[in-house]
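The primary structure of each chain is shown beneath.
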Amino acid sequence: MTEFWLISAPGEKTCQQTWDTLMTATTRTNNLSTNNKFNIPDLKVGTLDVLVGLSDELAKLDAFVESVVKKVAQYMADVLEDSRDKVQENLLANGVDLVTYVTRFQWDMAKYPIKQSLKNISEIITKAITQIDNDLKARASAYNNLKGNLQNLERKNAGSLLTRSLADIVKKDDFVLDSEYLITMLVVVPKTNYNDWQRTYETLAEMVVPRSTNLLFEDQDSGLFTVTLFRKAIDDFRLKARENKFMLRDFQYNEEEMKADKEEMTRLSTDKKKQFGPLVRWLKVNFSEAFIAWIHIKALRVFVESVLRYGLPVNFQAMLLQPNKKNMKKLREVLNDLYKHLDSGAAAIIDQSTMDIPGLNLSQQEYYPYVYYKIDCNLLDFK
């Protein structure tokens, strides 16, 4: 379970008392959640107007940064391909796993100086994450193009004998080349028809060179045979061959073209290997940056919302709850009982949402008497 509930409640006589009350209600008498204090420093409050405006801006910024965090995580999984099981060990924040980072959160004073206004801090985050998002698009586009071109070539080398590249299969010695009259053709013959081919190929048209067939290559279903004949007999031979389920490949032996194909494959494969390491390193570094920024936004939102709800002077305790999955509903009820005095309107909404009133869907609003935000560390679509 990697879902956390980040909540705040006003300080009672002290913030420690608020913490003790929560612990008593959720852990000491039952096993509803694992709790940690969530340390938010003394940030600059600013004016009420600024706080109200910032509340909306931070909600949008939260959604944007979360989307970038998920995009970087998902692209890491895509790049690792067959090593997807290693993706979680690469998704770290400040060198530790995400749960550890969130539960031991400390504000990064160097990145986000608390002497700056809340607005400035949110702008620092916006600028940094927008840059990561743009860089990700550019890097992903370049790497995906390279990967796509390589996959196309690999498909050409691995398809059926009717379509695949023959550069690794045929040799110069397999063909009669530079003859005015003779030509060597390639024919794909189903394995079940080998005997028919050997018995009939010389008689499919006039002017087929006797005993000129050789089996060059087999896949699961078919074999690739050569046959040499006079050029003027090609059309007759093709027609009769098709009637007998033998398919001619349109192929002209060209050493330069085949060499270029092989070199292109090698070049793309080498380029992909060269780019893989730096790309994974970039994804690791920028995933960490984005995730750290995201949790700082959650901290900013808790601070702003707590000041707006509980007033000045600043006096609240931020707390991180990791709910026990089986007891989530019970935990919500306990929190409601604990804090319903803070906002009777919100408590009434919750009471109504627990009843099935047709046409009334208030449970989706996620508004509670206490400040509440969800943090979900499960960032990948696949499990």
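## Points about the overall build of the protein
Alright, step 1. In terms of helices and strands, the protein carries 10 helices and eight strands.
Alright, step 2. Against the 2.2 N^0.38 benchmark of 21 Å for 383 residues, the protein shows a C-alpha radius of gyration of 34 Å, more extended than a compact globule.
Alright, step 3. For the protein, the C-alpha atoms occupy an extent of roughly 105 × 45 × 35 Å along the three principal directions.
Alright, step 4. With 383 residues in all, the protein has 43% of them scored as buried.
Alright, step 5. Considering only contacts in the protein between residues 6 or more positions apart, those separated by 24 or more positions represent 79%.

## As for the confidence of the model for the protein
Alright, step 1. On average, the protein scores 91 in pLDDT, and the residues at 70 or more come to 93%.
Alright, step 2. Low confidence marks residues 352-364, where pLDDT is under 50. Its contacts with residues over four positions away, or in another chain, come to six contacts.

## Topic: the packing of aromatic side chains
Alright, step 1. Considering all chains together, one arrives at 18 aromatic pairs under this definition.
Alright, step 2. Pairing tyrosine 339 with tyrosine 370 gives two aromatic rings, centres 5.6 Å apart and planes at 55°, and the pair type is tilted. Note that tyrosine 339 is positioned in helix α9 (residues 328-339) and tyrosine 370 in the loop between α10 (344-353) and β8 (371-376), a separation of 31 residues in sequence. The pair formed by tyrosine 339 and tyrosine 370 is uniform in burial state, with each residue classed as buried.
Alright, step 3. Put simply, the rings of Phe38, Tyr101, Phe105, Phe287, Phe291 and Trp294 touch in pairs and so form one group of aromatic residues.
Alright, step 4. Over the ring of tyrosine 372 we find arginine 332; its NZ or CZ atom is 4.3 Å from the centre of that ring.

## A word on unusual backbone geometry
Alright, step 1. Residues leucine 312 and proline 313 are joined by a peptide bond in cis, for which omega reads -5°.
Alright, step 2. By secondary structure assignment, the location of proline 313 is in the loop between α8 (255-310) and β7 (316-323).
Alright, step 3. The backbone of methionine 207 sits at a positive phi, close to 70°, despite the residue not being glycine.
Alright, step 4. For methionine 207, the position within the fold is in the loop between α6 (194-200) and β4 (214-218).

## A short note on the pairing of β4
Alright, step 1. Sheet topology note: the β4/strand β5 (residues 222-230) ladder contains four bridges and is antiparallel. If you follow glutamate 218 over to β5, its bridge partner there is glycine 223.
Alright, step 2. As consecutive antiparallel partners, β4 and β5 are separated by three residues.

## Some details on a nonpolar patch on the surface
Alright, step 1. The grouping of Tyr181, Met207 and Phe230 at the surface amounts to a nonpolar patch, some 300 Å² of accessible area in total.
Alright, step 2. Methionine 207 sits in the partly exposed class, given a relative accessible area of 36%.

## So, the packing of helix α1 (residues 15-28) against α9
Alright, step 1. The N-to-C vectors of α1 and α9 enclose an angle of 145°; their axes lie 10 Å apart at closest approach. Considering the relative orientation of α1 and α9, their crossing is right-handed. When α1 is examined against α9, the residues Thr21, Leu22, Ala25 and Thr26 are found in contact with a partner set consisting of Leu331, Val334, Leu335, Leu338 and Tyr339.
Alright, step 2. Residues belonging to the contact of α1 with α9 are distributed by class as follows: seven nonpolar, two polar and no charged.

## Some points on the packing of helix α5 (residues 118-156) against α8
Alright, step 1. One can describe the packing of α5 onto α8 by two numbers: an axis separation of 9 Å at closest approach and a directional angle of 155°. With respect to their mutual orientation, α5 and α8 come out roughly antiparallel. As for how α5 packs across α8, the hand of that crossing is left-handed.
Alright, step 2. When its residues are assigned to classes, the contact of α5 with α8 shows 22 nonpolar, five polar and eight charged.

## Remarks on the sheet that holds strand β1 (residues 3-10)
Strand pairing within a sheet occurs via backbone hydrogen bonds; the two strands may be parallel or antiparallel.
Alright, step 1. Read from one edge of the open sheet, four strands run β2-β7-β1-β8, paired in antiparallel fashion. Edge positions in the sheet fall to β2 (33-37) and β8, since each of these pairs with one other strand and no more. Averaged over neighbouring strand pairs, the angle between their axes works out to 25° when direction is ignored.
Alright, step 2. Where β1 meets β7, six bridges bridge the pair, whose relative direction is antiparallel. Residue pairing in the sheet places isoleucine 7 in a bridge with methionine 319 of β7.
Alright, step 3. Sitting on the sheet, α1 touches β1, β2 and β7, and the angle it makes with β2 is about 170°.
Alright, step 4. Running at roughly 170° to β8, α8 makes contact with β1, β7 and β8 of the sheet.

## Describing α1
Alright, step 1. For α1, with 14 residues, the first-to-last C-alpha span of 18 Å sits near the 20 Å given by 1.5 Å per residue.
Alright, step 2. All of the buried residues in α1 are Thr18, Trp19, Leu22, Met23, Ala25 and Thr26.
Alright, step 3. The inward-facing, buried residues of α1 contact β1, β2, β7 and α9.

## Notes on the pattern of salt bridges
Alright, step 1. Under the counting rule described, the total for this entry stands at 17 salt bridges.
Alright, step 2. Note that lysine 70 and glutamate 66 form a salt bridge whose closest N and O atoms lie 3.2 Å from each other. Of this pair, lysine 70 and glutamate 66 both sit in helix α2 (residues 48-80), four residues apart, which is roughly one turn of that helix.
Alright, step 3. We classify lysine 70 as partly exposed; its relative accessible area is 34%.
Alright, step 4. Note on glutamate 66: relative accessible area 23%, which makes it partly exposed.
Alright, step 5. Within this structure, Asp62, Lys298 and Arg301 form a network of salt bridges that share partners.

Conventions used here
- Residues numbered from 1 in each chain as written.
- Predicted model: local features only at pLDDT ≥ 70, side-chain atom pairs only at ≥ 80, totals over all residues.
- Heavy atoms only, no water.
- Helix = DSSP H or I, 4+ residues; strand = E, 2+ residues; numbered from the N terminus.
- Rg over C-alpha atoms; globule rule 2.2 N^0.38 Å.
- Buried < 20%, exposed > 50% of the residue type's maximum accessible area, 1.4 Å probe, protein only.
- Contact = heavy atoms within 4.5 Å.
- pLDDT = per-residue confidence, 0-100.
- Phe/Tyr/Trp six-rings, centres within 6.5 Å; stacked < 30°, edge-to-face > 60°.
- Lys NZ or Arg CZ within 6 Å of the ring centre and 35° of its normal.
- Pairing = 2+ DSSP bridges.
- Patch = residues over 30% accessible without salt bridge, like charges linked within 9 Å, V, L, I, M, F, W, Y side chains within 5 Å.
- Areas by Shrake-Rupley, 256 points an atom, 1.4 Å probe, with all protein chains shown as cover.
- Salt bridge = Lys/Arg side-chain N within 4 Å of Asp/Glu carboxyl O.
- Axes fitted to C-alpha atoms, helices over the stretch in contact; angles between N-to-C directions.
- Left-handed = near helix turned anticlockwise from the far one by under 90°.
- Nonpolar A, V, L, I, M, F, W, Y, C, P; charged D, E, K, R; others polar.
- Parallel < 35°, antiparallel > 145°, perpendicular 65-115°, else oblique.
- Expected span 1.5 Å × (residues − 1).

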